[in-house]
Amino acid sequence: MRLALIAHDEKKPDIISFARSRLDDLERFDLIATGTTGKRLREATGLDIERKQSGPLGGDMQIGAEIADENCDGVVFLRDPLTAQPHEPDITALLRICDVHEIPLATNLASADAVLDELVRALDGESS
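Read on for a plain summary of the structure.

The rules we used
- Residues numbered from 1 in each chain as written.
- Predicted model: local features only at pLDDT ≥ 70, side-chain atom pairs only at ≥ 80, totals over all residues.
- Heavy atoms only, no water.
- Buried < 20%, exposed > 50% of the residue type's maximum accessible area, 1.4 Å probe, protein only.
- Helix = DSSP H or I, 4+ residues; strand = E, 2+ residues; numbered from the N terminus.
- Pairing = 2+ DSSP bridges.
- Core = buried A, V, L, I, M, F, W, Y, C linked by side-chain atoms within 4.5 Å.
- Contact = heavy atoms within 4.5 Å.
- Arc of directions from axis to C-beta.
- Salt bridge = Lys/Arg side-chain N within 4 Å of Asp/Glu carboxyl O.
- Polar contact = N/O pair within 3.5 Å; in protein donor to acceptor, adjacent residues only side chain to side chain.

Considerations on the pairing of strand 4 (residues 74-78)
Here is step 1 of the chain: With 5 of 5 residues buried, strand 4 is to be regarded as a mostly interior element.
Here is step 2 of the chain: Of the two faces of strand 4, both are covered, the one formed by Gly74, Val76 and Leu78 as well as the one formed by Val75 and Phe77.
Here is step 3 of the chain: Bridge count for strand 1 (residues 2-7) against strand 4 is 5 bridges, and the pairing is parallel. Each residue of the ladder has a partner; that of Leu3, found in strand 4, is Gly74.
Here is step 4 of the chain: For strand 4 and strand 5 (residues 105-106), the ladder comprises 2 bridges, and the chain directions are parallel. Paired with Val76 across the strands is Ala106, a residue of strand 5.

What to know about the nonpolar core
Here is step 1 of the chain: In terms of nonpolar packing, the biggest core is built from 22 residues, with Leu3, Leu5, Ile15, Leu31 and Val76 touching the most fellow members.
Here is step 2 of the chain: Elements supplying a minimum of two residues to this core: strand 1, helix 1 (12-21), strand 2 (30-33), strand 4 and helix 6 (109-123).
Here is step 3 of the chain: Residue contributions to this core peak at 5 residues, all from helix 6.
Here is step 4 of the chain: With sequence-adjacent residues up to four places away left out, Leu3 is seen in contact with Leu26, Phe29, Asp30, Leu31, Ile32, Gly74, Val75, Val76, Leu116 and Leu119.

Regarding helix 4 (residues 59-68)
An α-helical turn contains 3.6 residues, so a residue and the one three or four places further along point in the same direction.
Here is step 1 of the chain: Listing the buried residues of helix 4 in full gives Gly59, Asp60, Ile63, Gly64, Glu66 and Ile67. One side of helix 4 holds all its buried residues, which, seen down the axis, span an arc of 155°.
Here is step 2 of the chain: In this structure, the buried residues of helix 4 make contact with strand 1, strand 2, strand 3 (49-51), strand 4 and helix 5 (88-100).
Here is step 3 of the chain: Looking one or two residues beyond helix 4, the residue adopting positive phi is Glu70, at roughly 60°.

Description of the pattern of salt bridges
Here is step 1 of the chain: Tallied over the entire structure, the rule returns 13 salt bridges.
Here is step 2 of the chain: With its nearest N and O atoms 3.7 Å apart, the salt bridge here joins Lys39 to Glu43. Linking Lys39 with Glu43, this pair stays in helix 3 (residues 35-45), spanning 4 residues, or about one helical turn.
Here is step 3 of the chain: Exposure remark for Lys39: the relative accessible area of 43% places this residue in the partly exposed category.
Here is step 4 of the chain: A salt bridge links Glu118 to Arg121; the shortest N-O distance between them is 3.0 Å. Residue Glu118 and its partner Arg121 are located together in helix 6, separated by 3 residues, close to a single helical turn.
Here is step 5 of the chain: Looking at Glu118, the relative accessible area reads 29%, which means it is partly exposed.
Here is step 6 of the chain: Residues joined by salt bridges that share partners form a network here, namely Arg2, Glu50, Lys52 and Glu66.

Overview of the environment of Arg51
Here is step 1 of the chain: If you trace the backbone, Arg51 turns up in strand 3.
Here is step 2 of the chain: On the accessibility criterion, Arg51 (40% relative accessible area) is partly exposed.
Here is step 3 of the chain: What Arg51 contacts, discounting residues up to four positions off in sequence, is Ala33, Gly35, Gly38, Lys39 and Arg42.
Here is step 4 of the chain: A polar side-chain atom of Arg51 sits 2.8 Å from the main-chain carbonyl oxygen of Gly35.

Everything listed is a geometric property; what it means functionally is a separate question.
Put into C-alpha coordinates, the structure is as follows:
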(Lines give C-alpha, C1' and ligand atoms only; values in the text may rest on other atoms or scores of the structure.)
Protein backbone atom coordinates (compact mmCIF):
# COMPACT_ATOMS: atom_id res chain seq x y z
CA MET A 1 0.00 0.00 0.00
CA ARG A 2 1.39 3.43 -0.99
CA LEU A 3 1.04 6.61 1.02
CA ALA A 4 2.03 10.11 -0.09
CA LEU A 5 3.43 12.64 2.38
CA ILE A 6 3.48 16.35 1.56
CA ALA A 7 3.91 19.44 3.72
CA HIS A 8 4.18 23.13 3.02
CA ASP A 9 7.28 24.80 4.44
CA GLU A 10 5.57 26.03 7.62
CA LYS A 11 4.16 22.54 8.22
CA LYS A 12 7.35 20.53 7.71
CA PRO A 13 8.12 20.42 11.47
CA ASP A 14 4.59 19.07 12.01
CA ILE A 15 4.94 16.27 9.45
CA ILE A 16 8.30 15.29 10.93
CA SER A 17 6.75 15.14 14.40
CA PHE A 18 3.84 13.12 13.01
CA ALA A 19 6.20 10.70 11.27
CA ARG A 20 8.27 10.21 14.41
CA SER A 21 5.16 9.50 16.47
CA ARG A 22 3.77 7.06 13.88
CA LEU A 23 7.07 5.57 12.68
CA ASP A 24 6.06 1.93 13.25
CA ASP A 25 2.92 2.41 11.16
CA LEU A 26 4.62 4.39 8.39
CA GLU A 27 7.34 1.76 7.98
CA ARG A 28 4.64 -0.62 6.76
CA PHE A 29 3.87 1.54 3.71
CA ASP A 30 5.58 2.28 0.43
CA LEU A 31 6.07 6.01 0.95
CA ILE A 32 6.28 8.75 -1.65
CA ALA A 33 6.76 12.43 -0.96
CA THR A 34 7.44 15.71 -2.63
CA GLY A 35 11.13 16.59 -2.80
CA THR A 36 11.97 18.68 0.24
CA THR A 37 9.40 16.99 2.47
CA GLY A 38 10.81 13.58 1.53
CA LYS A 39 14.38 14.71 2.14
CA ARG A 40 13.59 16.17 5.56
CA LEU A 41 11.54 13.12 6.58
CA ARG A 42 14.27 10.72 5.48
CA GLU A 43 16.91 12.67 7.41
CA ALA A 44 14.76 12.92 10.56
CA THR A 45 13.35 9.38 10.65
CA GLY A 46 15.37 7.11 8.36
CA LEU A 47 12.18 6.13 6.50
CA ASP A 48 12.61 4.80 2.96
CA ILE A 49 10.80 7.38 0.83
CA GLU A 50 10.56 7.74 -2.93
CA ARG A 51 11.05 11.43 -3.58
CA LYS A 52 9.29 13.29 -6.34
CA GLN A 53 10.06 16.86 -7.41
CA SER A 54 9.47 19.71 -5.00
CA GLY A 55 5.82 20.81 -5.04
CA PRO A 56 6.38 24.08 -6.94
CA LEU A 57 8.49 22.19 -9.51
CA GLY A 58 5.78 19.63 -10.27
CA GLY A 59 5.88 17.22 -7.32
CA ASP A 60 2.22 17.72 -6.49
CA MET A 61 1.35 16.87 -10.08
CA GLN A 62 3.59 13.79 -9.98
CA ILE A 63 1.73 12.53 -6.93
CA GLY A 64 -1.55 13.36 -8.67
CA ALA A 65 -0.42 11.18 -11.58
CA GLU A 66 0.30 8.32 -9.15
CA ILE A 67 -3.26 8.66 -7.86
CA ALA A 68 -4.71 8.73 -11.37
CA ASP A 69 -2.69 5.61 -12.22
CA GLU A 70 -4.09 3.92 -9.07
CA ASN A 71 -0.62 3.77 -7.49
CA CYS A 72 -1.41 5.73 -4.32
CA ASP A 73 -3.82 4.72 -1.57
CA GLY A 74 -3.77 7.79 0.67
CA VAL A 75 -2.34 11.28 1.03
CA VAL A 76 -1.21 13.24 4.05
CA PHE A 77 -0.83 16.83 2.86
CA LEU A 78 -0.21 19.23 5.71
CA ARG A 79 -1.15 22.51 4.10
CA ASP A 80 -0.47 26.02 5.34
CA PRO A 81 -3.87 27.69 4.94
CA LEU A 82 -2.52 31.11 5.95
CA THR A 83 0.17 31.48 3.29
CA ALA A 84 -0.45 31.92 -0.44
CA GLN A 85 1.34 29.27 -2.49
CA PRO A 86 2.81 30.06 -5.91
CA HIS A 87 1.67 26.67 -7.22
CA GLU A 88 -1.90 26.86 -5.90
CA PRO A 89 -3.40 25.51 -9.16
CA ASP A 90 -1.32 22.33 -8.74
CA ILE A 91 -2.47 21.98 -5.14
CA THR A 92 -6.10 22.39 -6.15
CA ALA A 93 -5.65 19.79 -8.89
CA LEU A 94 -4.14 17.33 -6.40
CA LEU A 95 -7.04 17.80 -3.99
CA ARG A 96 -9.49 17.33 -6.86
CA ILE A 97 -7.84 14.13 -8.10
CA CYS A 98 -8.07 12.70 -4.56
CA ASP A 99 -11.80 13.42 -4.61
CA VAL A 100 -12.28 12.01 -8.11
CA HIS A 101 -10.52 8.75 -7.22
CA GLU A 102 -11.87 8.60 -3.65
CA ILE A 103 -8.40 8.64 -2.11
CA PRO A 104 -8.30 9.40 1.62
CA LEU A 105 -6.76 12.84 2.10
CA ALA A 106 -5.59 14.41 5.35
CA THR A 107 -4.79 18.13 5.42
CA ASN A 108 -4.09 18.57 9.15
CA LEU A 109 -2.66 16.50 11.99
CA ALA A 110 -6.02 15.35 13.34
CA SER A 111 -7.12 14.00 9.96
CA ALA A 112 -3.62 12.57 9.34
CA ASP A 113 -4.00 10.31 12.37
CA ALA A 114 -7.49 9.28 11.27
CA VAL A 115 -6.42 8.49 7.69
CA LEU A 116 -3.35 6.56 8.83
CA ASP A 117 -5.40 4.61 11.38
CA GLU A 118 -7.85 3.57 8.67
CA LEU A 119 -5.11 2.60 6.20
CA VAL A 120 -3.38 0.52 8.88
CA ARG A 121 -6.69 -1.25 9.55
CA ALA A 122 -6.95 -1.97 5.81
CA LEU A 123 -3.41 -3.40 5.83
CA ASP A 124 -4.39 -5.61 8.74
CA GLY A 125 -7.47 -6.81 6.85
CA GLU A 126 -9.91 -5.22 9.25
CA SER A 127 -13.04 -3.45 8.13
CA SER A 128 -14.10 -0.16 9.65
